[in-house]
Amino acid sequence: MLTVQRVVLSSRPGKNGSPVPENFRVEETSLATDLKQGEVLVRTLYLSVDPYMRCRMNDDTGADYLLPWRLEECVDGGGVGVVEASKNEAMAVGDIVTSFNWHWKTHSVIDGNLLQKVDPRMVDGHLSYVLGGVGMPGLTALLGVREKGHVTPGAGQTMVVSGAAGACGSLAGQIARLDGCERVVGICGSDEKCQSLVSELGFTAAVNYKKGDISTALREVCPSGVDIYFDNVGGAISDTVISQMNSGGHVILCGQISQYNKDLPYPPPLSDETQEALCSKNITRERFMVLNYMEKHEEGLLQLSHWVKIGQIKLLETIVNGIENMGVAFCSMMTGGNIGKQIVKISD
Ligand code: NDP
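Residues numbered from 1 in each chain as written. Predicted model: local features only at pLDDT ≥ 70, side-chain atom pairs only at ≥ 80, totals over all residues. Heavy atoms only, no water.

- An unreviewed UniProt entry lists the chain under the name Prostaglandin reductase 2, with Pygocentrus nattereri as the source organism.
- Taken directly from UniProt, the Function (unreviewed entry) text for the chain runs: "Functions as 15-oxo-prostaglandin 13-reductase and acts on 15-keto-PGE1, 15-keto-PGE2, 15-keto-PGE1-alpha and 15-keto-PGE2-alpha with highest activity towards 15-keto-PGE2. Overexpression represses transcriptional activity of PPARG and inhibits adipocyte differentiation."
- Here is the UniProt Subunit (unreviewed entry) comment for the chain, exactly as written: "Monomer." (UniProt positions renumbered as here; feature names shortened; annotations may be inferred.)

## Here's the deal with the pattern of salt bridges
Part 1 of the reasoning: Evaluation of the coordinates by the stated rule reveals 16 salt bridges.
Part 2 of the reasoning: For Lys148, the salt bridge is made with Glu286, and the minimal N-O distance between the two is 2.7 Å. Of this pair, Lys148 sits in helix H2 (residues 136–148) while Glu286 sits in strand E13 (residues 284–287), placing them 138 residues apart in sequence.
Part 3 of the reasoning: When its relative accessible area of 44% is taken as the criterion, Glu286 is described as partly exposed.
Part 4 of the reasoning: Look at the salt bridges and you will find they share partners, linking Arg6, Arg25, Glu27 and Glu72 into a network. (Salt bridge = Lys/Arg side-chain N within 4 Å of Asp/Glu carboxyl O. Helix = DSSP H or I, 4+ residues; strand = E, 2+ residues; numbered from the N terminus. Buried < 20%, exposed > 50% of the residue type's maximum accessible area, 1.4 Å probe, protein only.)

## Here's the deal with the sheet that holds strand E9 (residues 183–188)
Part 1 of the reasoning: One open sheet holds the six strands; their spatial order is E10-E9-E8-E11-E12-E13, and the pairing between them is parallel. Where the open sheet ends on each side, the last strands, each with one partner, are strand E10 (205–208) and E13. Sheet twist, expressed as the mean angle between neighbouring strand axes with direction ignored, is 15°.
Part 2 of the reasoning: Strands in contact with helix H3 (residues 167–179) are strand E8 (158–162), E9 and strand E11 (226–231); relative to E8, the strand with the most contacts, it is inclined by about 170°. (Pairing = 2+ DSSP bridges. Axes fitted to C-alpha atoms, helices over the stretch in contact; angles between N-to-C directions. Contact = heavy atoms within 4.5 Å.)

## Here's the deal with the packing of aromatic side chains
Part 1 of the reasoning: Applying the stated rule across the entire model yields six aromatic pairs.
Part 2 of the reasoning: Ring plane angle 20° and centroid distance 5.5 Å describe the contact between Phe288 and Tyr293, whose orientation is recorded as stacked.
Part 3 of the reasoning: On the accessibility criterion, Tyr293 (14% relative accessible area) is buried.
Part 4 of the reasoning: Taken together, the aromatic side chains of Phe24, Trp69, Trp104 and Phe330 make up a single cluster linked through ring pairs. (Phe/Tyr/Trp six-rings, centres within 6.5 Å; stacked < 30°, edge-to-face > 60°.)

## A short note on empty space enclosed by the protein
Part 1 of the reasoning: A complete count under the given rule lists one cavity of 30 Å³ or more for this structure.
Part 2 of the reasoning: Approximately 60 Å³ is the volume attributed to the largest cavity.
Part 3 of the reasoning: In this structure, the largest cavity is lined by Tyr129, Gly132, Gly133, Pro137, Ala167, Ser170, Leu171, Leu315, Leu316, Glu317, Gly340 and Lys341.
Part 4 of the reasoning: If one sorts the elements of the lining of the largest cavity by residue count, H3 sits on top with three residues.
Part 5 of the reasoning: Taken together, the residues of the lining of the largest cavity break down into six nonpolar, four polar and two charged. (1 Å grid on protein atoms, 1.4 Å probe; cavity = no way out; pocket = protein on both sides within 12 Å on 5 of 7 lines; lining within 4 Å. Points joined across faces, edges and corners; volume = space filled by probe spheres on them. Nonpolar A, V, L, I, M, F, W, Y, C, P; charged D, E, K, R; others polar.)

Here it is as structure tokens:
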């Protein structure tokens, strides 16, 4: 028997409530470590907190591909860890493994066939990148830009990214630049984030939406209007960006985090004015879902890994330590406490 810590969902924020760390509880349990054929014992290294988890906190997630977390049961999400014992022929002690349904637990016994092996060379040894830039958020940025962005090298396009200093947004801007956008402008929630986008990640300019009039600020940094909008946030910020878009432009509808604490369907309804702007300017706004492009994931991860290794894209992370801080880290990410990918380090 091994004493392990795990995180359970102790209460729901309600469909119109903001999540608080107290919605989660850490508890100690015992784990039987005798393995059945096919099982492995894994030690958790890193866990991910992501915006979609807000839907899993509701008893109805509103999405058929997402199951709600159950009250008093162990929470799960993206995780990466190391195999400490194995009765699975395909997995050896020391292998690095990952899953989208990793339990928020310091150790787990799990059917090895439910895990994917990770080649640490793909992430230059930075195993947390598996949950960020060389993982689901990286693929979201890459495939979002490539599938819905219509970037045309040499066409002098301006792309705006909202949620620009987060996991997906910080990557989307860098990829748009590599793919040939002339100007890449980020919108995010602090001056420090704006500075990091421009000085570290090569964005042309950045706008702090919490300061001043974003419409004027955006007009100044997008003098030729906006051709492509990578939308992570929705709401008033997106209404402003769309109002400054050029005819024939493209909105990459990635996420709408500003609306996730409201009881609204996804995607949330647009104002008449914004709907009219899209229509009259012939702007496409197709919903993008990274899970709909599974056949492109392997190649996408190779591309992201290559860019990271040769220094063409830079990955920022905000790392919090300790399984007891999962709830704090989740709520902090939901309110902008992170620059780059929010990660929780569980063990060395
Ligand atoms: P981030 O790392 O971007 O973290 C969330 C960020 O959202 C915060 O840092 C905060 O930054 C910003 N934010 C929070 N509330 C608001 C608000 N009211 N208005 C504006 N910004 C806000 O998370 P991810 O990169 O993981 O996710 C970004 C988006 O992408 C989400 O909408 C998510 O749902 C979506 N997504 C979609 C996928 C798909 O397949 N379509 C897959 C993965 C993610 P700030 O300081 O700037 O406010």
